[in-house]
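Working through the structure, step by step
Below, each chain spelled out in residue letters.
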Amino acid sequence: MGLDYKLVLWNKHKKTYDKIIALGMLLYLVVFVALTLALNPETTAETMIIRAFGSLAILMLHIILVIGPLSRLNPQFLPILYNRRHLGVSMFLAALVHGAFSIIQFHTLGDVNPIYAIITSNMDYGSLTNFPFQVLGFLALLILFYMASTSHDFFLKNLSPKIWKGLHMMVYLAYGLILMHVFLGAFQQETSPFTIGIIIVGFITVTSLHLITAFKESKIDKFNSEKNSEGWLEVCEVDEIPNDRAKIFTVGNERVAIFKYEGKLSAIHNVCKHQGGPLGEGKIVDGCVTCPWHGYQYLPHNGQSPPPFTEKVATYELRLNGKKVYINPNGFEEGTEVQPVTC
Amino acid sequence: MEKKDEFYIGYMNHLGEGTKRTTKRFVLFAIGILLLGAISFGFFQKEAVNSTFDFNAPTKISGTYQEAPYPMLRVKLGEGTFKNVLLLGFGKFGANSYLDDIKQKEGNLNGKHLTIEGNLIYYNGKTLLEIDDSQKISLTNSKVKDYVLPEVMGKQKLTGEIVDPKCYFGVMKPGYGKIHRSCAALCISGGIPPVLVTSDNNTLSEYFLLTDLKGNPIHKDILPYIGQPSLLRGEVEKMGDWYTMRIDVSQIEKLDKKSSIY
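Criteria and cut-off values
- Residues numbered from 1 in each chain as written.
- Chains lettered and ligands numbered in written order.
- Predicted model: local features only at pLDDT ≥ 70, side-chain atom pairs only at ≥ 80, totals over all residues.
- Heavy atoms only, no water.
- Domains from an automatic or database assignment.
- Contact = heavy atoms within 4.5 Å.
- Buried area = accessible area lost by both parts, 1.4 Å probe.
- Salt bridge = Lys/Arg side-chain N within 4 Å of Asp/Glu carboxyl O.
- Patch = residues over 30% accessible without salt bridge, like charges linked within 9 Å, V, L, I, M, F, W, Y side chains within 5 Å.
- Areas by Shrake-Rupley, 256 points an atom, 1.4 Å probe, with all protein chains shown as cover.
- Helix = DSSP H or I, 4+ residues; strand = E, 2+ residues; numbered from the N terminus.
- Expected span 1.5 Å × (residues − 1).
- Buried < 20%, exposed > 50% of the residue type's maximum accessible area, 1.4 Å probe, protein only.
- pLDDT = per-residue confidence, 0-100.

In this section: the domain arrangement of chain A. It is common to give the size of an interface as the accessible area that goes away when the parts come together. Residues and elements named next belong to chain A. Under the domain assignment used here, chain A contains domain 1 (12-220) and domain 2 (233-342). Here the C-alpha centre of domain 2 lies 37 Å away from the C-alpha centre of domain 1. Between domain 1 and domain 2, the residue contacts involve 12 residues of the former and 13 residues of the latter. Per-residue buried area on domain 1 facing domain 2 is highest for Arg72, Tyr82 and Ile220; these three make up 42% of the total on that side. Across the domain 1-domain 2 interface, the total number found is 2 salt bridges.

Together, Leu27 and Leu39 of chain A together with Leu35, Ile39 and Phe43 of chain B make up a nonpolar patch on the protein surface, roughly 390 Å² of accessible area in all. Looking at the nonpolar patch, the elements that each hand over two or more residues are α2 (12-39) of chain A together with α2 (17-43) of chain B. Along the chain, Leu35 of chain B falls in helix α2.

Moving on, we come to helix α7 (residues 133-149) of chain A. Over its 17 residues, α7 of chain A extends 24 Å from the first C-alpha to the last, a length consistent with the 24 Å expected when each residue adds 1.5 Å. Where burial is concerned, most of α7 of chain A is hidden: 12 out of the 17 residues are buried. Looking at α7 of chain A, one finds that the buried residues are Phe133, Gln134, Val135, Leu136, Gly137, Phe138, Ala140, Leu141, Ile143, Leu144, Met147 and Ala148 of chain A. Buried-residue contacts for α7 of chain A involve α5 (84-107), α6 (114-120), α9 (161-168) and α10 (171-184) of chain A together with α5 (177-189) of chain B.

Mean pLDDT over chain A: 92, with 97% of residues reaching 70 or higher. Here residues 1-9 of chain A is a poorly scored stretch, pLDDT under 50, and it has 23 contacts once near neighbours within four places are set aside; other chains count.

So this is what it looks like as structure tokens:
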């Protein structure tokens, strides 16, 4: 957890994962280069490098972008999510090779500064088909650089999880810029329906998975219950919550997770302090609510991470009337102890 | 029920069976996508042409220097056979700055015999020479020789794409079109002559060096028209084995169609 960064960074799985990333990237480059040399022997080494690393980076970005929604839809994808940062940094390195070689090849050794040249050597900003696509790729590379360089718990802690996560959501902006970079650039000249088709299928897959996940979550947010005379909300029947698991409800404007464990019920705020993970999709492990994203833990009755950790989330008061579970929508201060309800 | 209760914690080494299976499937799927991508992106590339840039094999050539409209060397290949080699500078620059030293020393070089060591660029019958050092230019005969005067060919209306000849004839592949447009603009801005590569069936040539209406070099004014299918009108002249075309840049018509110069 948050006190020792190394704890989260390296273990047996991460090393295996990194080896698979390296192997996958190497496999891609070897196959691409071998095919290019065999079928297109007159091409230049620079063009081959630019194309190999650019196409590798965009495919990796698609793989990265499906991990999030897949993990929300099926927790069995969580090991992939847990190790996603290394995949992101590797993708950035591939994009960096593509960008650096492109800038050297197309924009250096001229009569103006290469960065200035990226922006000014094609001024058709008013045209769609002639739009200077390099600018889009350059902006995306800057975003990816920012994300890769802050892809460590040190920055997460210092920037605050909310800001860090918010800034890292810029990957979607980078994705949009990259798609436009490719469609307004390479695909204007390399017009094979197969290569264009791969990216279109990738876009549809990424978008669909995000929409399905959003639809699933919107059902939680649409939860609506009448307050009783004391202002408590009826949320569900006790049997609807599995043992050592939770159900998530939107109470007021906040998502709250109601956990059932050891014959008791406790409610805490659903958002993990680490990266905003959905605690209600986690599990009670060793008596603690354990976040599905990175394993951060909180005691269910007070929302506090067990010592020596210091993270705290808000807690909520529950009542049981027969089988019906009621919640007081007014949460307590983060880390406030609340007596669990026996069920 | 057992499957539902599986729960992965990143810092623990334990993986549930279902989680392990799903993870393996995802890894295999991702590698499959990469493989499919590598095959598709590798296989479906437009084939590059056999243009050549001898960047690591310098060549010494000698011939009669011709300054206008763009620096060239008229090299004798055999009895009565000559080739006009277009001179270029290093990177995205023209040859003029490399010729300044020797011009200061020897005065007007027009019609004089020079020997230049540089790197050849050649494709489809055209040859160009990149000069990377002014010290590699020497005057081998200061006597002015006869050189070919431009031969007027009349007015022409040609369609094609304006490229920088350095990249087009060998340095980059592809050295034309949308992807290469910014690079071509920098090259032409840096002094490399603009060349029209035609896509029509004119009977003269595929390549035309472009000048202004007075026959002077054009660089900055033509930048907005580079790398796009266009229609040009102008007076054509023949200079050795190169054709030149005098154009009014403002009269260039951009054509709304795909590039077809290769």
